[in-house]
Structure formats: C-alpha cells, structure tokens
Amino acid sequence: MNRLESDLQRPVMIVNELGLHARSAAKIAEVAQNAKHKVWIARDAETVDAASIIDLLTLGCSKGTEIVVCIENPADQPILNQIVDLVETGFGE
Amino acid sequence: MLPTDDKEFELRGIGASPGICIGKAYLVDREGVKVVPKYFINPDRTANEVNRFKKAVIEAKNDLRQVISAMPEDLQQQTNILETHLLLFDDKMLFGRTVDFIGNDKVNAEWALKTVVGQIKSMFQSMEDQYLKERVSDIIHVSDRIMHCLTGAAHVKISDIDKRVILVARDLSPADTSQIQLERIKGFLTDVGGKTSHTGIIARTLDIPAVLGLVNATALIRNDDILIVDGNAGVVIINPDDQTLVEYEERQERYRAYRSRITRESHLPARTVDGEIVQVQGNIELPEEVVSVIDNGGDGIGLYRTEFQYMGRTDFPNEFELFDKYRDVVEVMAPNPVTIRTLDINADKTLSYASNGNEVNPVLGLRAIRYCLQNPEVFRTQLRAILRAAAYGNVRILFPMITGCAELIEARRMLTEAAESLAAEGVEHNPDIEIGVMIEVPSAVVIADHLAEICDFFSIGTNDLIQYSLAIDRSNRNVAYLYDPLNPAIIRMVKHVASVARRKNIRVAMCGEMAGEPIHIPILLGLGITEWSMNPHAIPVVKRMVRGLSILDARKFVKEIIDLTSAEEINRLALERFSAHINSGLVIKQE
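Residues numbered from 1 in each chain as written. Chains lettered and ligands numbered in written order. Predicted model: local features only at pLDDT ≥ 70, side-chain atom pairs only at ≥ 80, totals over all residues. Heavy atoms only, no water.

J.: Just give me the short version of the interface of chain B and chain A, but keep the residues and values in it.
T.: Taken together, the contact between chain B and chain A spans 22 residues of the former and 20 residues of the latter. Here chain B and chain A share an interface that buries about 1900 Å² over both sides, 70% of which is from carbon and sulfur atoms. Considering only the side of chain B, the residues that lose the most area to chain A are T84, K92 and L132 of chain B, jointly responsible for 25% of the buried surface there. Between the two partners, chain B and chain A, sit one salt bridge. Of the charged contacts in the structure, one is a salt bridge between D49 of chain A and K92 of chain B, with a shortest N-O distance of 2.7 Å. Counting across the chain B and chain A interface gives four residue pairs in polar contact (both at pLDDT 80 or more). When residues of the side of chain B that touches chain A are traced back to their parent elements, those giving at least two are helix 2 (76-88), helix 3 (92-105), helix 4 (109-125), helix 5 (130-134) and helix 6 (136-150) of chain B. Looking at the side of chain B that touches chain A element by element, the count peaks at five residues for helix 2 of chain B. Of the residues belonging to the side of chain B that touches chain A, the class tally is 12 nonpolar, five polar and five charged. (Contact = heavy atoms within 4.5 Å. Buried area = accessible area lost by both parts, 1.4 Å probe. Salt bridge = Lys/Arg side-chain N within 4 Å of Asp/Glu carboxyl O. Polar contact = N/O pair within 3.5 Å; in protein donor to acceptor, adjacent residues only side chain to side chain. Helix = DSSP H or I, 4+ residues; strand = E, 2+ residues; numbered from the N terminus. Nonpolar A, V, L, I, M, F, W, Y, C, P; charged D, E, K, R; others polar.)

In structure tokens, the structure reads:
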C-alpha cells in the first residue's frame, strides 16, 4: 500500500448521486473478485478490500468523496482501469 | 383460553386500513430470531459447523431467488434491491468472517453470524451520510435470511403461516407481502410506516384492518397474545379482558353489518334528497387499487397519483411501462373517468436517480409541475403515455402545484406537442382529454378566474392547500394542531374557487382528505362542490351520507358557518347539526 507507483494506484471521485451504496459496491466487488491479486480501495486513512461489498460500504463514500483504487500487481492493471471507469461513469446509474 | 395473568393494555398508531379484527399475534420479527443461543463446538466438529453455515447460506440464497422469481411484475423494481442482496450472501465480510469466527472461537454458527453482523452494524453507525448509514439494513435483511435457515424449524416464514393470525412486524417489505397467503391474515400491525406505506396500501386494497406506526409493537407484543385491532380508530388492545372482548365483538359485528349494508347500496348513485347527483370517486396510487374503487362503488378515479411508478428504481420508467400501467386502470374503469395527475414529486428527496443537490426546504422546492417543466424529457414521456392510455377509456389530466398561468400554458403546450408527436408517428392516442388544474397553492386560489380561462376543471387538493395557506409543516408535531380543513380561511378559499368555477362554467372537484370525512360532506355540498375523490374505503360512507342530505339545507348551513371565526365553532355546529345523521349510518369512527 505504500507503493507510490502511479500505475498501481489511481484516485477517482465518486460522482453518482447515491454514492457508494450496495449496488454500486457490488459492481466494484464483482470486478475486483476477478483480479489475480488483492485490490484495495482507500479513503483517507482507511483501506478496505475491494472484493467485499460490505467492506466497501463501511467506507461510507457519498457523492464527491475521493477514493484511491490500488492494485498490488501490474498484472491487474485492466482491473484497475475497469474499476476507475465504473466509478467515473457513476456506475451507469 | 385467555391468559389471566396478563393485564390488558392499549397501543395507539395510525389506522391505515379500517375494520376490526380479533385474533392471535404472530410476530414476524425483522431480526428473525429473538434469542440467539451461544454454545461451544467441539474443536474437531468446527468443520461441520462451518458446513452447516454454508448450507444455510445456500438455502437462504435459493429462498431469495424464489422470492425474486415469484415477484409479481408490479414489484419488479424491488427485485433490483433483492438481487443486490443475493450478492451480499457471499461477501467476504459477512460470509468469510463468520466462517473464520466459527473456526477461531469454536462457537455455533448462529452466534458467529450474530457477532459478525453486530460488528458490521457498529461500523455503519459511525457514518455521516444518512443514506449510506441506512444501507446496513441490506446486510441485516441478508443475515436474517441466513439466520432463518440456520434455526430451521423455528424460523418464521410468512408463506408458511397456517392459522388465521394478526401479523406483527417491524415493517413488511414488498417481498414479505408478496409471500403472504393473505386469506390467512386477519390484520396487520407494524412499528413503522403510515397510511401511504406499502403495507398500508396492500391492507386497504385487500380490506384487512391495519394499524401502523405503532413504534414498539414488536417489543411489547408476544407471539399468541390475544389482540384486538381497530383499524378505524388506530388502536390495538393487547390481552383484552372479557368485558373488552365482548364489547369489541359487538362492535365488530356492527361494523360488518354496517359495511355490508352500505357496500350493497354503494353501487347506486349518490343522490341527495332533492335529486342532485354527486360524483363520488376514489384516489389511487397503485394500479391494483382500482379494484378497491370498483368494489366500493366509486364513480371513477378522481386522483390517480403517478409517483409510485417512479420510486424504488434506478432510472426513470419509460413510456411503455407508464402507458401499460395507465391503460390497466383506464380500461378497467371505462366508461367512468380516470383523472391522472402528472408527476408530483420532489425529485431531490424521493428519486435517488434524479437528485441534484440538497434542498433545504423541499416542500417549497423544485417539485411537481416545476420539476416537470425543468425536465421536459421526463414530462414528455409521461404526457405521451397518458395520451396513449386515453385511447382506451375516459382520461382526464391534472397538473399539480400550478401557481400561475405561465406554468399552465407551458404544460398545455407540451401536452399539445406530445399529441402532435404521437400523431406524426402514427401511434394510437386520444388528444382530446380534459385538462385540470390542482388548486393547492394559495396563489392559484387568488387567480382562479384566470386559470379557469385556460383549463377544463379544477381539483382542490386540500392537504397541500391547508399546509401552504396556514404555513404549517404537517409532520411537525408542534404545529400539527393548526391543520384543520374547517379552518375558516380554508372554507372561504374553497368557497371562492367553487364560485369562480361556477361563474366560468367549469367543473370543480375536491380530491383531498377533506372529501373523505363524513362531517365535511354537508359543507362541500353547500359550497356547490359535487365531485369528490377520496380513499376508496370512504366512498360507501360518504355516498350514504349524501343520500340523507338536501342541497338546500346544506347551502343554508354554509351560510351559517361562513362567518364563524374558528374551526372549533364550525366543527361544533356541524356535529350538532349532522352527527345524528352520521350516527344513523353508524359511525365509521368508533372512539
């Protein structure tokens, strides 16, 4: 998590109205579950497992919150991109 | 028989569906199992315990899948939520942690699950965002389902109820109500919810007494307690003594006899003794409620609230979905009229997908016609759906929250445009529908004469008119006492609107709660309003009331009250003059 390589982590803003709620979290978790290594989502000092809906929910991200999506291995770059895309497009809501 | 050691006590809530029933309590606790036992598992048996948990999860998932597939089409919006719940079953936090907990602490699965859920709950409690904070309920729903499967035979499955009972629950979700075998249910009691909650609507539609919003019914009532539910008065009596029981049995009998008598004659027109026929119509929100209007002898639908189709979903309904719902209602009611009110919603508060910033004061904010005019795409879709449904029966359109002519002109222009686009596309529709204005803002009362020039009818919405005229927030307990349809200012406003309508030769209807209250009937008649729309269950009573009155007497009465200075005086005089009349029909309110 301390790695600063920009290709292993990207900040993104929650733009959908409801924020990171169950359905949007489920979408992230679904993608993250396909990763070969761990995927993390960080908000401020808190970091949670992106593959867990409930974990994501506990971050309590409302609209406008900035989160950081982190991967542990460059092989999961497509996963990172997909998650960032999902968040940026407001989960298609 | 009766538990003699239990003292009779009473709870008061909201009478959401009228009627009286007596029966045994059946608790459907949201948390499912009241006491979760804790016991240790032999270390070499933990794998079995984990398997037991896994099996329960699979079973719970299958149950939920069945609920989803058995959901009637009208509740499809709910399935989205339930499908998200399906995903939660396998979540690492819930599933993974419970499995770990069983292994590490060597405890039974129920205890492990309860502990894990407790930890999750506390994480949510510290959140700031109210919406996200409430998402913990999704997790509780899911864990309840697992718990039900874990505890096996002891679990409460609504669809399995095999005796006639009174359901007591914190709240009933559409998924719950869709599983209920309703012929088994005598009555509904819930801790939360009111008249317009899903449970309230279902109860009224099915004619089952319901008292909702009891706050702590699930805490105070135990399984198999004897209950009396009085849905008219909003009262529940727990462990009634013999005397109370006898009294309510008699009341119940009287109420039944009364209902059946008035329902029998309800299909006949409501004609005053001097021959004036009053149109008594029903208000509905769900298409299914049309049945209730017909059963109660409604002469049409005076207010079809269209908001429900927009709620509990992730995007706006499309034209066909709306058209389909409207057509259902219109076809069933034809040739009687169906007045469809266009979307009256505060998008910011109620539609998650259409919210755009927080409004400090939503009641005075971007709602109803204002919202629609600023979101022409949303409005156009609805207008087209209404015009299409109009080809199948007698449709009238009603615009809510009109404050001035400009809004009405613009709404009409969009309606014409919608009709033209349908014509250009060759889609079947009926462009010639009556256009009405909701009179619910004081400014509309003042300029009623102008509005009358550009519409076909008025419909007075007393609920909002009272709120806006008297500057009271109806949900604020401190000022709720001011909310009275008999307030002299309100009566004068209604009188003004009625006389403008008469002068301009347009129809005037009333669709607020005021119309459904028997004691108000002589006043409305005297003011010259003879088209009313109300909760379907009030129709028979109101029709019966009309049959005993004469227009002439009603007019005289209005002359007497119009210069009184307080609602109390008006109410007292009305009761003095007409309560015998109401009582002859046997009161609906029995307090």
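J.: Tell me about helix 8 (residues 198-206) of chain B, residues and numbers included.
T.: Residues and elements named next belong to chain B. Most of helix 8 sits inside the fold, with seven of its nine residues counted as buried. Listed in full, the buried residues belonging to helix 8 are H198, T199, G200, I201, I202, A203 and R204. Within two residues after helix 8, D207 carries a phi angle of roughly 65 degrees, on the positive side. (Buried < 20%, exposed > 50% of the residue type's maximum accessible area, 1.4 Å probe, protein only.)

J.: Would you mind going over the side chain of K543 of chain B in detail, with residue names and values included?
T.: Among the structural elements, K543 of chain B can be located in helix 22 (residues 539-547). With sequence-adjacent residues up to four places away left out, K543 of chain B is seen in contact with S266, H267, L268, P269, A270, V280, G297 and D299 of chain B.

J.: Break down the packing of helix 15 (residues 376-389) of chain B against helix 16 (residues 405-425) of chain B for me, citing the residues and quoting the values.
T.: Residue and element names in this part refer to chain B. Between helix 15 and helix 16, the shortest axis-to-axis distance is 9 Å and the interhelical angle comes to 60 degrees. Crossing of helix 15 over helix 16 shows right-handed handedness. Contact with helix 15, carried on its side by P376, F379, R380, L383, R384, L387 and R388, involves A411, M414, L415, E417, A418, A419, S421, L422 and E425 of helix 16 and no other residues of that element. Here the contact of helix 15 with helix 16 is composed, by residue class, of 10 nonpolar, one polar and five charged. (Axes fitted to C-alpha atoms, helices over the stretch in contact; angles between N-to-C directions. Left-handed = near helix turned anticlockwise from the far one by under 90°.)

J.: How would you summarise the pattern of salt bridges if you had to cite specific residues and measurements?
T.: All names here are of chain B. In this structure the tally under the stated criterion is 33 salt bridges over all chains. Of the charged contacts in the structure, one is a salt bridge between E247 and R251, with a shortest N-O distance of 3.4 Å. Of this pair, E247 and R251 both sit in helix 10 (residues 242-266), four residues apart, which is roughly one turn of that helix. Residue classification places R251 among the buried positions, given a relative accessible area of 12%. Connected via shared salt-bridge partners are E307, R341, D344, R367 and D464.

J.: Please give an account of a positive patch on the surface that cites residues and values.
T.: Residue and element names in this part refer to chain B. A cluster of basic side chains, namely K495, R502, R555 and K559, defines a positive patch on the protein surface. Elements supplying a minimum of two residues to the positive patch: helix 20 (488-504) and helix 23 (551-561). Relative to the helices and strands, K559 resides in helix 23. (Patch = residues over 30% accessible without salt bridge, like charges linked within 9 Å, V, L, I, M, F, W, Y side chains within 5 Å. Areas by Shrake-Rupley, 256 points an atom, 1.4 Å probe, with all protein chains shown as cover. Lys, Arg positive; Asp, Glu negative; His and termini not counted. Charge placed at Lys NZ, Arg CZ, Asp CG, Glu CD.)

J.: Lay out the pairing of strand 3 (residues 20-28) of chain B with the relevant residues and their values.
T.: Residue and element names in this part refer to chain B. Of all the nine residues making up strand 3, eight are buried; the element is thus mostly covered by neighbouring parts of the structure. As paired elements, strand 3 and strand 7 (residues 226-230) share five bridges and run antiparallel to each other. Bridged to G23 within strand 7 is L227. The pairing of strand 3 with strand 4 (residues 165-169) spans five bridges and is parallel. Note on strand 4: the bridge partner recorded for L27 is V168. (Pairing = 2+ DSSP bridges.)

J.: Account for the environment of Q119 of chain B, naming residues and giving values.
T.: Its place among the elements puts Q119 of chain B in helix 4. Expressed as a C-alpha distance, the spacing of Q119 of chain B and M93 of chain B, which sit 26 residues apart in the sequence, is 10.0 Å.

J.: Before we move on, can you summarise empty space enclosed by the protein with the specific residues and values?
T.: All names here are of chain B. Across all of its chains, the model carries one cavity of 30 Å³ or more by this definition. Considered as a void within the structure, the largest cavity measures approximately 40 Å³ in volume. Where the lining of the largest cavity is concerned, the elements lending two or more residues are strand 15 (457-460), strand 16 (507-510) and strand 17 (531-534). Partitioning the lining of the largest cavity into residue classes produces three nonpolar, five polar and three charged. (1 Å grid on protein atoms, 1.4 Å probe; cavity = no way out; pocket = protein on both sides within 12 Å on 5 of 7 lines; lining within 4 Å. Points joined across faces, edges and corners; volume = space filled by probe spheres on them.)

J.: Describe in detail the nonpolar core, supporting the description with residues and values.
T.: Among the nonpolar cores identified, the biggest contains 103 residues, and F399, F458 and W532 of chain B are the most heavily contacted of them. Residues within four places of F399 of chain B in sequence aside, it is in contact with T342, I369, F379, L383, L408, A411, I435, G436, V437 and M438 of chain B. I14 of chain A together with F124, L132 and I146 of chain B belong to the second-largest nonpolar core, a separate cluster that totals 69 residues. (Core = buried A, V, L, I, M, F, W, Y, C linked by side-chain atoms within 4.5 Å.)

So, to be careful, I would describe these as geometric facts and stop short of saying anything about function.
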